[in-house]
Amino acid sequence: MSSHGPQAPPCLPSLPIIGSLLSLRSSHPPHVLFKELQEKYGQTYSLMMGSHSVIIINQHAHAKEVLLKKGKTFAGRPRTVTTDVLTRDGKDIAFGDYSPTWRFHRKIVHGALCMFGEGSASIEKIICSEAQSLCSILFEAAAVGLALDLSPELTRTVTNVICCLCFNSSYRRGDPEFEATLRYSQGIVDTVAKDSLVDIFPWLQIFPNADLRLLKQCVSIRDSLLQKKYDEHKEDYSDHVQRDLMDALLRAKRSAENNNTAEISAESVGLSDDHLLMTVGDIFGAGVETTTTVLKWAVTYLIHHPQVQRNIQEELDSKVGRDRSPQLSDRGSLPYLEATIREVLRIRPVAPLLIPHVALSDTSIGDFTVRKGTRVIINLWSLHHDEKEWKNPELFDPGRFLNIEGTGLVIPSPSYLPFGAGIRVCLGEALAKMELFLFLSWILQRFTLSIPPGNSLPSLEGKFGVVFQPVKYKVNATPRPGWERNKCQAC
Ligand code: HEM
Ligand code: PLO
């Protein structure tokens, strides 16, 4: 405790109405700027976004205090103009405030995702079947010497996994409905929750705003797609079979309706049509954009580091061989691949600022006082690039996640939280890890990825938004020796 007693964190200069906006003008993306501002204001400081007080945290001790030790106190979410458009005023999980409805929906989703652990439609089988068709497309492209932008292919592959889990359906290549999801989802990623001016100054809504217009258009396309899936599910719903997440939500709604008394209705426990749709919308959106983004970063780094790619391939050759495809039970024997995935998640976190948290009561972080309603941004970028915790943080080095012998995995620093932590921790962590492992192992068992001759290496800079995405570029997937012909049709 300081000699002056408890104090608020140091604050950036701020003016009425505009807040600290003048100190935040920068050519850098927000996570980099927030990391730089530590030099002047310390690791934990505050600023004003319009009329809201925001605390920025750049170190793991305070991050863990917020997420774990005081997780419940900091479990709130701010309401913003753009996320309200996306989620019908916070009726979803990710951007919805802490409430019994929020808890209930997290529980249903968790249960539905666990249900897929076993059985004939197991997640592993779904992922492997999608990996198989992705590899077929890469073989076809290689056969005619075509370099591919992997982004739409990886997106469709990942979309099909989550589509199967949410709606028990999938998309073929070129399916117009899939092309529509690609377009609307990119439109949403480009416009939602990126601290655009309307989110800081809600009154700006009254002026024409191209971003907000695009967001509304994209959300309405997404909503009609979700509504269609919902109507189809309602039509052939049965209490006896649960095909997917949509069915799990419908079952919860029906059972609440059957127990309906004067005071407790499906609406009042948060099972309105809006809530159901927004929950699947979240899982569908998160399920696609995050995992696809990590796969794209992984490919980008592998192209920059051919030696890392060769190391993974050698590990695959010796532990899996060529006569069968990798499966989840190989995870323990492929530590170098796992270490590479961990390093990708460190160096380019999908959500470099997580989603903002809000203090639900007066509280504290370290020695600093925090008022109820204060927004808290955990700068994961700072945690993952902290020079005190990571040697050469900008260097891509999977070896840092291996023990000295290179045989086992380690987490070398507590300053590593790619999925967040505590009661707001990512709901899809297990699923995402399975997908990353299986897709990358299937691809690298069969192909070597490189940039077509004459093209320059893709930028590692990335585009800031609600997910931090790499740039677009074309890749050659060259079949490895012994894989010149797609021999693995049967496995
Ligand atoms: C939240 C990371 C994949 C569903 C989050 C958060 C992070 C994160 C950092 C925010 C935590 C916070 O605000 O404190 C990731 C990464 C992924 C990934 C790195 C891929 C590698 C997925 C997938 C799903 C998913 C596949 C869906 C199945 C969610 C949901 C939330 C969330 C629903 C909101 C949780 C809440 O606010 O209560 N994720 N995620 N994520 N994630 Fe993920
Ligand atoms: C991605 C675009 C979709 O069309 C809608 C959507 C829903 C949930 C969001 C997701 C987007 C981006 C990534 C988010 C996810 C909830 C949790 C996840 C923010 C906007 C992360 C990484 O925190």
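The rules behind the values
- Residues numbered from 1 in each chain as written.
- Chains lettered and ligands numbered in written order.
- Predicted model: local features only at pLDDT ≥ 70, side-chain atom pairs only at ≥ 80, totals over all residues.
- Helix = DSSP H or I, 4+ residues; strand = E, 2+ residues; numbered from the N terminus.
- Rg over C-alpha atoms; globule rule 2.2 N^0.38 Å.
- Buried ≥ 20, exposed ≤ 12 C-beta atoms within 10 Å, placed from the backbone.
- Near = placed C-beta within 6 Å.
- Nonpolar A, V, L, I, M, F, W, Y, C, P; charged D, E, K, R; others polar.
- Pairing = 2+ DSSP bridges.
- Expected span 1.5 Å × (residues − 1).
- UniProt positions renumbered as here; feature names shortened; annotations may be inferred.
- Contact = placed C-beta atoms within 7 Å.

(A) The overall build of the protein chain, seen in detail. Tallying secondary structure elements over the protein chain gives 16 helices and nine strands in all. On C-alpha atoms alone, the protein chain measures out to a radius of gyration of 23 Å, which is about the 23 Å that the 2.2 N^0.38 rule sets for 491 residues. Reported as C-alpha extents along the three principal axes, the dimensions of the protein chain are approximately 70 × 60 × 45 Å. The buried share among the 491 residues of the protein chain stands at 43%.

(B) Representation of the site of ligand 2 within the structure. Near ligand 2 there are 16 residues, and of these Ala94, Ser185, Gly285, Ala286 and Ala351 occur at the shortest range. Counting only elements with at least two residues in the shell around ligand 2, the list comes to α8 (176-191) and α12 (273-304). Looking at the shell around ligand 2 element by element, the count peaks at five residues for α12. Residue classes in the shell around ligand 2 are distributed as 10 nonpolar, three polar and three charged.

(C) Focus on the pairing of strand β7 (residues 375-378). Covered by surrounding structure in β7 are Arg375 and Ile377 together with Val376 and Ile378, the residues of both alternating faces. Pairing of strand β2 (residues 52-57) with β7, which is carried by four bridges, proceeds in the parallel orientation. Bridging from a neighbouring strand, Ile57 pairs with Ile378 of β7. Summarising the sheet, strand β4 (residues 357-358) and β7 pair through two bridges and their orientation is antiparallel. Of the residues in β7, the one forming a bridge with His357 is Val376.

(D) Helix α16 (residues 429-446), seen in detail. Along its 18 residues, α16 runs 26 Å from first to last C-alpha, staying within 8% of the 26 Å computed at 1.5 Å per residue. Burial of α16 is extensive: 14 of the 18 residues sit out of reach of the surface.

(E) Focus on the UniProt feature "binding site: heme" (unreviewed entry) in the protein chain. The UniProt record marks Cys426 with the feature "binding site: heme" (unreviewed entry), using the residue numbering of this structure. Structurally, the position occupied by Cys426 is in the loop between α15 (380-384) and α16. The exposure class assigned to Cys426 is partly exposed, which follows from the 19 C-beta atoms found within 10 Å. Ignoring anything within four residues of it in the chain, the contact list for Cys426 reads Phe419 and Gly420.

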